[in-house]
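Reading the structure
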Amino acid sequence: MQAIRQCCLCYWGTDFLLLLTNMAALRRSIACLHFFRSTAASVLNSRKPLRQRLVRFRDVTRTSLVSLSVGSGLSAVPFMQQVENLSHESLIRSASSMVTDSANTYLSQTTQALVDSITQYSKALHTLIALQRRYLASLEKLSTAEEDAIWQVIIAQRVEVGDRLDECNRFESNWINAVNLCEMAAEAAYNTGAEHASVTAKTNLQVAKVQVEEVRQISVDAERKLTETQAEEIQRMAEYAFIESGGDDVHEAYIRED
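- Under an unreviewed UniProt entry, the protein has the name Direct IAP-binding protein with low pI and belongs to Salvelinus namaycush.
- Under the heading Subcellular location (unreviewed entry), UniProt records this for the protein: "Mitochondrion".
- Per UniProt, the protein has the following entry under Sequence similarities (unreviewed entry): "Belongs to the Smac/DIABLO protein family."

Structure, rendered in structure tokens:
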């Protein structure tokens with residue numbers, strides 16, 4: 001019985017010492033975690049460039065890890081993994097992801113600007129088409145003053161169409177630059193191992209191109225209708241001039257010119 005009692009005491013004594021050791025390691029881990037939080041806040045909130053802040057944080061992390069993990073090798077394992085995550089490869093990967101995010105933002109803004117400008121250009125075209133068709137429909141019913149007034153409106157609308165087209169060309173130049181930048185950023189992200197950032201950039205590129213192509217098709221249709229209206233206007237004006245001049249005299253003059 002005495003031998004059994006001694007064995008029990010030895011067993012529970014060993015567990016008690018192991019428990020104390022684990023608690024001490026836990027306390028060191030908690031203290032290390034609080035230290036890292038305060039150190040990271042002070043380093044990252046400084047006005048130094050991002051690269052210098054990350055390098056400083058990595059050096060402080062290594063030094064703190066050695067000093068705070070003495071006597072407890074197990075508690076240092078998670079923090080060693082954090083230090084390894086600040087390698088050159090990971091920093092380059094993080095930087096390429098940031099560049100990709102900025103390129104996506106640039107692409108989004110230029111795409112929206114181009115889409116809006118093309119939409120306004122199409123609306124200006126349709127307004128001009130409506131004015132010219134209304135003029136042709138009432139060509140023989142207008143007085144000279146009314147005809148001059150309508151032509152002033154048509155000329156002003158043509159100026160508006162030209163201004164809208166210039167705006168489209170300007171935003172299209174920015175959009176093309178954004179597309180090229182986003183393509184390069186996607187390739188750089190893929191080469192550095194940031195596959196998610198690369199895939200996101202390529203998806204945004206595809207969506208932007210589809211949006212621009214849709215509004216471009218609308219403007220192309222409007223330009224085609226305007227061309228047809230202008231051709232009809234030329235024909236109607238020729239017929240109207242022929243009738244106003246007496247018809248036969250104009251026909252004889254046309255023959256003499258040939």
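**Focus on the pattern of salt bridges**
- Taken as a whole, this structure holds six salt bridges when the rule is applied.
- The closest approach of N and O atoms between E167 and R164, which form a salt bridge, is 3.4 Å. In this pair, E167 and R164 are both assigned in helix α5 (residues 144-191), three residues apart and thus about one turn of the helix distant.
- The class of R164 is partly exposed, set by a relative accessible area of 23%.
- Taking the shortest distance from any N to any O, the salt bridge between E183 and K209 comes out at 3.6 Å. With a gap of 26 residues between them, E183 in helix α5 and K209 in helix α6 (residues 195-244) connect regions that are remote in the sequence.
- Judged by its relative accessible area of 37%, K209 falls in the partly exposed class.
- Each of the salt bridges in this network shares a partner with another, and the network as a whole consists of E160, R164 and E167.

**Quick look at the packing of helix α4 (residues 88-137) against α5**
- Axis separation between α4 and α5 bottoms out at 7 Å; the angle between their running directions is 160 degrees. Looking at the two axes, α4 sits roughly antiparallel to α5. The two elements α4 and α5 meet at a crossing, and its hand is left-handed.
- Considering only residue class, the contact of α4 with α5 consists of 29 nonpolar, twelve polar and six charged.

**Here we look at α5**
- The terminal C-alpha atoms of α5, which comprises 48 residues, lie 70 Å apart, in line with the 70 Å expected from a rise of 1.5 Å per residue.
- Buried within α5 are the following residues: I154, Q157, V161, C168, W175, A178, V179, C182, A185, A186 and A189.
- Downstream of α5 by a residue or two, G193 has a phi angle that is positive, lying close to 95 degrees.

**As for the nonpolar core**
- In terms of nonpolar packing, the biggest core is built from 31 residues, with L107, L125, Y135, V161, W175 and C182 touching the most fellow members.
- Counting only elements with at least two residues in this core, the list comes to α4, α5 and α6.
- Take this core: its biggest share by element is 13 residues, from α4.

**Remarks on the packing of aromatic side chains**
- Taken as a whole and judged by the stated rule, the model has one aromatic pair.
- Sitting above the plane of the F171 ring, R170 keeps its charged end 5.4 Å from the centroid.
- When the ring centre of Y190 is taken as origin, the NZ or CZ atom of K202, which lies over that ring, is 5.7 Å away.

**So, the side chain of T110**
- As for its placement among the helices and strands, T110 is situated in helix α4.
- Beyond its immediate stretch of four places on either side in the chain, T110 contacts N174, W175 and A178.

**A closer look at the confidence of the model for the protein**
- Averaged over every residue, the pLDDT of the protein is 75; the share at 70 or more is 61%.
- In the predicted structure, residues 47-51 sits below a pLDDT of 50 and forms five contacts with residues beyond four places in sequence or in another chain.

Cut-offs applied
- Residues numbered from 1 in each chain as written.
- Predicted model: local features only at pLDDT ≥ 70, side-chain atom pairs only at ≥ 80, totals over all residues.
- Heavy atoms only, no water.
- UniProt positions renumbered as here; feature names shortened; annotations may be inferred.
- Salt bridge = Lys/Arg side-chain N within 4 Å of Asp/Glu carboxyl O.
- Helix = DSSP H or I, 4+ residues; strand = E, 2+ residues; numbered from the N terminus.
- Buried < 20%, exposed > 50% of the residue type's maximum accessible area, 1.4 Å probe, protein only.
- Axes fitted to C-alpha atoms, helices over the stretch in contact; angles between N-to-C directions.
- Parallel < 35°, antiparallel > 145°, perpendicular 65-115°, else oblique.
- Left-handed = near helix turned anticlockwise from the far one by under 90°.
- Nonpolar A, V, L, I, M, F, W, Y, C, P; charged D, E, K, R; others polar.
- Expected span 1.5 Å × (residues − 1).
- Core = buried A, V, L, I, M, F, W, Y, C linked by side-chain atoms within 4.5 Å.
- Phe/Tyr/Trp six-rings, centres within 6.5 Å; stacked < 30°, edge-to-face > 60°.
- Lys NZ or Arg CZ within 6 Å of the ring centre and 35° of its normal.
- Contact = heavy atoms within 4.5 Å.
- pLDDT = per-residue confidence, 0-100.

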